[in-house]
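# Summary of the model geometry
Here are the chains, one letter per residue:
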Amino acid sequence: MKKRILFIGTGGTIASELSRGGLLPGVGPEQLLSYVPDVAELCEVECLQLYELDSTDIGPAHWLGMAGAIRENYGDFDGFVISHGTDTMAYTAAAMSYLVQGSPKPIILTGAQKPIGEDASDSRTNLRDSFRCAAARGMHGVCIVFNGRVILGTRARKTHTKSFDAFTSINYPNIADVRDGQLIRYITPYCQSEPRFYGRLNPNVALLKLIPGTRPELLEYMLRSSDALIIESFGVGGLPHGGGMHALVSAAAAAGKTVVMTTQVQNEGSDLAVYATGRPLSEDGGILEAYDMTTECAVAKLMWLLPLARTGEDIRRLFYTPVSLDILTDALH
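Residues numbered from 1 in each chain as written. Predicted model: local features only at pLDDT ≥ 70, side-chain atom pairs only at ≥ 80, totals over all residues. Heavy atoms only, no water.

Further remarks concern the overall build of the protein. From N to C terminus, the protein includes nine helices and 18 strands. Along the first, second and third principal axes, the C-alpha set of the protein runs to 60 × 50 × 30 Å. Buried residues in the protein amount to 52% of all 333 residues. Counting only contacts in the protein whose residues sit at least 6 apart along the sequence, the fraction spanning at least 24 positions is 70%. In the form shown here, the protein has an accessible surface area of approximately 14,500 Å², with 51% of it arising from carbon and sulfur atoms. Side-chain charges of the protein comprise 29 positive and 36 negative groups, with the mean position of each set lying 2 Å from the other. (Helix = DSSP H or I, 4+ residues; strand = E, 2+ residues; numbered from the N terminus. Buried < 20%, exposed > 50% of the residue type's maximum accessible area, 1.4 Å probe, protein only. Contact = heavy atoms within 4.5 Å. Areas by Shrake-Rupley, 256 points an atom, 1.4 Å probe, with all protein chains shown as cover. Lys, Arg positive; Asp, Glu negative; His and termini not counted. Charge placed at Lys NZ, Arg CZ, Asp CG, Glu CD.)

Quick look at the sheet that holds strand β13 (residues 182–185) now. Taking strand neighbours across the sheet as the criterion, the eight strands line up as β4-β1-β5-β7-β8-β9-β12-β13 in an open arrangement whose pairing is mixed. Two strands in the sheet have a free side with no partner beyond their single neighbour: β4 (43–53) and β13. Between one strand axis and the next, the sheet turns by 25° as a mean value, whatever way the strands run. As judged from the eight bridges shared by strand β1 (residues 3–11) and β4, these two strands associate in the parallel manner. Bridging across to β4, arginine 4 finds its partner in glutamate 44. Along the sheet face, helix α2 (residues 60–73) touches β1, β4, β5 (79–83) and β7 (106–110) and points at about 155° away from the line of β4. On the sheet, helix α4 (residues 123–135) packs against β1, β4, β5, β7, β8 (141–146), β9 (149–152), β12 (176–179) and β13 and is oriented at approximately 175° with respect to β7. (Pairing = 2+ DSSP bridges. Axes fitted to C-alpha atoms, helices over the stretch in contact; angles between N-to-C directions.)

Attention now moves to the pairing of β12. Where β9 and β12 come together, two bridges link them in antiparallel fashion. Bridged to arginine 149 within β12 is aspartate 177. Of the pairings in the sheet, the one linking β12 to β13 comprises four bridges and is antiparallel in character. Residue pairing in the sheet places valine 178 in a bridge with leucine 183 of β13. What sits between the antiparallel neighbours β12 and β13 is a turn of two residues, in which aspartate 180 has the positive phi angle 50°.

Turning our attention to helix α6 (residues 245–254). Here α6 has its buried residues at Met245, His246, Val249, Ala252 and Ala253. All buried residues of α6 fall inside an arc of 140° around its axis, so they share one side. Residues of α6 that are exposed and point more than 90 degrees away from the buried face comprise Ala247 and Ala254. Where α6 is buried, its residues contact α5 (216–225), β16 (228–233), β17 (258–263), α7 (279–282) and β18 (287–289). After α6 finishes, the residue glycine 256 shows a positive phi value of roughly 100°. (Arc of directions from axis to C-beta.)

It is worth spelling out the UniProt feature "domain: Asparaginase/glutaminase C-terminal" (unreviewed entry) in the protein at this point. Annotation from UniProt places "domain: Asparaginase/glutaminase C-terminal" (unreviewed entry) at residues 204–319. The span residues 204–319 is 37% helical and 17% strand by assignment, and the distance between its end C-alpha atoms comes to 16 Å. (UniProt positions renumbered as here; feature names shortened; annotations may be inferred.)

Moving on: the sheet that holds β16. Neighbouring strands of a sheet are bound in pairs by backbone hydrogen bonds; such pairs are parallel or else antiparallel. In space, the four strands of this open sheet follow the order β15-β16-β17-β18, with parallel pairing throughout. Only two strands of the sheet have a single partner each, and these edge strands are β15 (205–209) and β18. Adjacent strand axes in the sheet meet at a mean angle of 25°, parallel and antiparallel pairs treated alike. Contacts between helix α8 (residues 295–305) and the sheet are confined to β15, β16 and β17, with β16 contributing the most and set at about 170° to the helix.

On to the UniProt feature "active site" (unreviewed entry) in the protein. Look at the UniProt record and you will see "active site" (unreviewed entry) annotated at Thr13 and Thr86. In summary, the annotated positions, though distributed over 74 residues, converge in three dimensions, the widest C-alpha pair being only 7.4 Å. Positionally, threonine 13 belongs in the loop between β1 and β2 (16–19). In contact with threonine 13, not counting residues within four places along its chain, are Gly85, Ala112, Gln113, Lys114 and Pro115. When you line up the elements, threonine 86 lands in the loop between β5 and α3 (89–99). Residues contacting threonine 86, with those up to four places away along its chain left out, are Ser55, Ala112, Gln113, Phe146, Lys158 and Phe167.

In this section: the side chain of glutamate 289. Position of glutamate 289 relative to the elements: it lies in strand β18. Although glutamate 289 is buried, it forms no salt bridge, and the closest oppositely charged side chain is arginine 316 at an N-O distance of 8.7 Å. A distance of 2.9 Å separates a polar side-chain atom of glutamate 289 from the backbone nitrogen of leucine 272. Setting aside anything within four residues of it in sequence, one finds glutamate 289 in contact with Met261, Ser270, Asp271, Leu272, Phe319 and Tyr320. (Salt bridge = Lys/Arg side-chain N within 4 Å of Asp/Glu carboxyl O. Polar contact = N/O pair within 3.5 Å; in protein donor to acceptor, adjacent residues only side chain to side chain.)

Structure below.
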């Protein structure tokens, strides 16, 4: 029997049409499917229009809405495909990986770099590939399917603004590829017999990307105004010695503020212990390090874990507990 797939539309370039002000979402999931009628040979599809937004406008409240829609319909379908704008898709995929954990059913996010109505669009291929993955035996968990790549939701990042090869798996291999209509699998991630759903996020998480000359007062303000701060540092990680930044971060961590150090370099992750600019931070028991975790995942994971944690030790334990291979255990040793 064909599998039943719920197709959830949220907007994005794939569903956009040209207006005087630029591209705007306006094509619903039923219309998107009409461009790929051969999907009906793979599976039975029902449609749900959840949002009609450019992904720049999608945030934590919408992530909760997507997770809620999947939870409400989980028992009636064998898998889920979410069409989404590409600009924040990696953040949504990370958030969905925390809000719906261990799913034995596939939850696939996809989109396009050009609207589906354009002749040279990548929309049709990405949709076909996504439904092929959603209908395949043994596929499960949250993934992005794009340009023939199947990427874990916790490992995806948009690395090209315009080309079809938009997404890359960071610090982890693709778990599968789709070539000439065939799904080629490499890795089968862990799943449970039943998913664990979560329904709360704390959006008061901030990100500071260091540049040469970042003012300490900016760091002080962001530490004060957020419940958790991620600092994207240079190279393997660290803070400038001048300006008192080390003291600011250490004092904030000692006062119970959640501070995560990471790197703005895309590949290989952080290692604070290497240089004198980072080693004091690595030895400070109140400061967390993201290691090989993507910034998108660090943001989403903090939003997910803050409502669950009562103590700083809870935060540390939850942050370093791997979820859908978001952080490799080798990086923790």
